[in-house]
Amino acid sequence: HAPLRFANEPLHRLFQKNGTKINKRFGFLCLISNLINLLDRKLMGRIDRINAESAMRIITNSYYTREYIYKAYGVDAKVNYLGVDINKFRHLLAERDNFILSVGGLGSIKQFDFIIESMSLIAKEKRPTLVLVGLRGTSSHKEFLKRLAKEKEVNLEIKEAISDDELVNLYNQA
């Protein structure tokens, strides 16, 4: 048994329905792709479940994720909040700017499209810019966010792999 496992979250692709629709023009290729995805999900799900069950203790970083882990594996995880370097991430007395900052993985699971849709409801003359900072995003999803922002007339900046110093500045200016 592994004594400890830290789990940010279960693999979402293993526990969410695959919304892939078969394209009639390329139906056979889509069918093969769907079969491969299904087999991958089954295999990865089995490996993930074995890993979860073999750990003597699972630790996670939020009560939301704890509940998700319980639903996915039937295992009760302990919540341990991650720390922050307070010497680096500190108040700088920087002048505020008119933007909303959201930091996280640039994948669809983070629902940045919801933020864009919500911000489009703010009057255009008062609407701030949306600055997304993150890693791990597919180029197709980033293009989707850019198209949606343009369609909804939301000013969008996407920043990837920035330094801690730049992130501290953005937090202080937001």
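Just so it is clear, the model here is predicted, and its values are computed rather than measured.

1. Some points on the confidence of the model for the chain
Segments scoring low in pLDDT should not have their predicted coordinates read at a detailed level. Per-residue confidence for the chain averages 84 on the pLDDT scale, and 88% of its residues sit at or above 70. Of all helices and strands in the chain, the one with the weakest mean pLDDT is helix α1 (residues 12–15) (58), whereas strand β4 (residues 99–103) scores best (96). When the criterion is pLDDT under 50, residues 19–23 qualifies, and its contacts beyond four places in sequence or with other chains add up to five contacts.

2. Some remarks on unusual backbone geometry
A positive phi angle, near 60°, is found at Glu-153, a position not held by glycine. As for its position among the elements, Glu-153 is in the loop between α5 (139–151) and β6 (156–160).

3. Some points on the pattern of salt bridges
What the rule picks out here adds up to seven salt bridges. In this structure, the salt-bridge partner of Lys-152 is Glu-117, at a minimum N-O distance of 3.5 Å. Note that Lys-152 is positioned in the loop between α5 and β6 and Glu-117 in helix α4 (residues 112–119), a separation of 35 residues in sequence. For Glu-117, a relative accessible area of 34% translates into the label partly exposed. Between Lys-146 and Glu-143 there is a salt bridge, with its nearest N and O atoms 3.6 Å apart. Of this pair, Lys-146 and Glu-143 both sit in helix α5, three residues apart, which is roughly one turn of the helix. A relative accessible area of 37% means that Glu-143 is categorised as partly exposed. If you follow the salt bridges from partner to partner, you end up with Glu-157, Lys-159 and Glu-166 in one network.

4. Considerations on α5
Between its first and last C-alpha, α5 extends 18 Å over 13 residues, near the 18 Å set by a 1.5 Å rise per residue. For α5, the set of buried residues is His-141, Lys-142, Leu-145, Leu-148 and Ala-149. Seen end-on, α5 carries its buried residues on one side only, within an arc spanning 125°. Away from its buried face by more than 90 degrees, α5 exposes Ser-139, Ser-140, Arg-147, Lys-150 and Glu-151. Residues of α5 that are buried make contact with α4, β5 (129–134) and β6. Positive phi shows up at Glu-153, right after α5, with a value of about 60°.

5. As for the sheet that holds β4
What the three strands build is an open sheet, ordered β4-β5-β6; its pairing is parallel. Among the strands making up the open sheet, the edge pair consists of β4 and β6. Taken over all neighbouring pairs, the strand axes of this sheet differ in orientation by 20° on average, direction set aside. One ladder, built from five bridges, connects β5 with β6; its direction is parallel. Directly across from Val-133, in β6, lies its bridge partner Lys-159. Across the sheet, α5 lies against β5 and β6, angled at about 160° from β6, the strand it touches most. Relative to β4, helix α6 (residues 164–173) is tilted by about 135°, and along the sheet it contacts β4, β5 and β6.

6. Structural notes on the nonpolar core
The biggest cluster of nonpolar side chains holds 11 residues, and these are Leu-106, Phe-112, Ile-116, Met-119, Leu-130, Leu-132, Leu-145, Leu-148, Ala-149, Val-154 and Leu-156. Looking at this core, the elements with two or more residues in it are α4, β5 and α5. Setting aside chain neighbours within four positions, we find Ala-149 in contact with Ile-116, Val-154 and Leu-156. One finds Ala-55, Ile-69, Ala-72 and Ala-77 within the second-largest nonpolar core, a separate group that totals eight residues.

The rules behind each value
- Residues numbered from 1 in each chain as written.
- Predicted model: local features only at pLDDT ≥ 70, side-chain atom pairs only at ≥ 80, totals over all residues.
- Heavy atoms only, no water.
- pLDDT = per-residue confidence, 0-100.
- Helix = DSSP H or I, 4+ residues; strand = E, 2+ residues; numbered from the N terminus.
- Contact = heavy atoms within 4.5 Å.
- Salt bridge = Lys/Arg side-chain N within 4 Å of Asp/Glu carboxyl O.
- Buried < 20%, exposed > 50% of the residue type's maximum accessible area, 1.4 Å probe, protein only.
- Expected span 1.5 Å × (residues − 1).
- Arc of directions from axis to C-beta.
- Pairing = 2+ DSSP bridges.
- Axes fitted to C-alpha atoms, helices over the stretch in contact; angles between N-to-C directions.
- Core = buried A, V, L, I, M, F, W, Y, C linked by side-chain atoms within 4.5 Å.

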